[in-house]
Structures are given as C-alpha cells and as structure tokens.
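Fold and geometry: a report
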Amino acid sequence: MTRLLFAPLVFLIGCGGASAPSVVEPPKQVRGGWTLASSADPTETFPLALQPARAWRTTYTGPHDVTATFYRFNSNTEAFEALQKWQKAPGEITFHDGSFLIVIPPQNVPKQATGDFAEGVMAAIN
C-alpha cells in the first residue's frame, strides 16, 4: 500500500521543476486602459554585469501615456537579483515580476496613474 502512495508523490515532485515562463514579451494590453503603442530595442546598454536575455523600450497609450523598459531574464531568480543590484534614479519605479525587471522612468504622469500602470503590468504578466 505504501508503494502505491509513494509512486504518485515521486511523479508530482518530478513535475515540479522549472518551467518556461508563460509571458515572454511585454503585454499588448494592460489593465486600466493601456495599449502597447511601440516597442523597440533600448538604445542604452544594461548597466549591470548580469545581462537580460531580451529587452524592450515600450510606450503605452491610455489614460496617460507611459514609457517603460522591460528586461526579460532567464529566470525569476535572475530578475530578482537584477532588481536588488539596480541603482534606482530619483522618481523611477522599478519592480520585478516573474522573469521580468520593469523600469518606469520619471515622466509627466500622475503618481497614481503610474502606480495603476505598474499594477496592471503585474496582472498581465502573471
């Protein structure tokens, strides 16, 4: 009887390995009314030794237009490490979700709208 219970447990543990992230690029739509208007490679180089697998400089149109840079790493751990080492500029919003590090530079957008955009991005990535 013990062996019958042990086999499914081993199977479930084996299935718990790292899986590929379901979202691999910036979302096309962000809750709150934002739509991806443009996406291009960033012109600036990534300032840390740990390098992202891919990066996008994006502009979203919506209640207020928002510019953000998305850096996708190979894992959640790498994105978290990049966040910990990031030198945040005054007024900048920087956060990580899944394998992404997202940087929203200071802009002429109300703080509440920028926060709503950041929350919408997190919802879209998950």
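Before reading on, note that the structure itself is shown above.
None of these values were measured; they are calculated from a predicted model. (Residues numbered from 1 in each chain as written. Predicted model: local features only at pLDDT ≥ 70, side-chain atom pairs only at ≥ 80, totals over all residues. Heavy atoms only, no water.)

What to know about the environment of Thr 77
Checked against the element boundaries, Thr 77 lands in helix H2 (residues 76-85). Residue classification places Thr 77 among the exposed positions, given a relative accessible area of 59%. For the pair Thr 77 and His 96, spaced 19 residues apart in sequence, the C-alpha separation works out to 10.0 Å. (Helix = DSSP H or I, 4+ residues; strand = E, 2+ residues; numbered from the N terminus. Buried < 20%, exposed > 50% of the residue type's maximum accessible area, 1.4 Å probe, protein only.)

Considerations on the packing of aromatic side chains
Under the defined criterion, the tally for this structure stands at nine aromatic pairs. Here the aromatic rings of Phe 46 and Tyr 71 are separated by 4.7 Å at their centres, their planes lie at 65 degrees, and the arrangement is edge-to-face. Of this pair, Phe 46 sits in the loop between strand E2 (34-40) and strand E3 (54-61) while Tyr 71 sits in strand E4 (residues 66-72), and the two are 25 residues apart along the sequence. Neither residue differs from the other here; Phe 46 and Tyr 71 are each classed as buried. (Phe/Tyr/Trp six-rings, centres within 6.5 Å; stacked < 30°, edge-to-face > 60°.)

A few points about the side chain of Asp 97
Within the secondary structure, Asp 97 sits in strand E5 (residues 93-97). No salt bridge is formed by the buried Asp 97, whose closest oppositely charged neighbour, Arg 31, lies at an N-O distance of 9.7 Å. Side-chain polar atoms of Asp 97 contact the side chain of Asn 126, separated by 3.1 Å. Non-local contacts of Asp 97, meaning those with residues more than four positions away in its chain, are made with Met 122, Ile 125 and Asn 126. (Lys, Arg positive; Asp, Glu negative; His and termini not counted. Salt bridge = Lys/Arg side-chain N within 4 Å of Asp/Glu carboxyl O. Polar contact = N/O pair within 3.5 Å; in protein donor to acceptor, adjacent residues only side chain to side chain. Contact = heavy atoms within 4.5 Å.)

The values are spatial; any link to function lies outside them.
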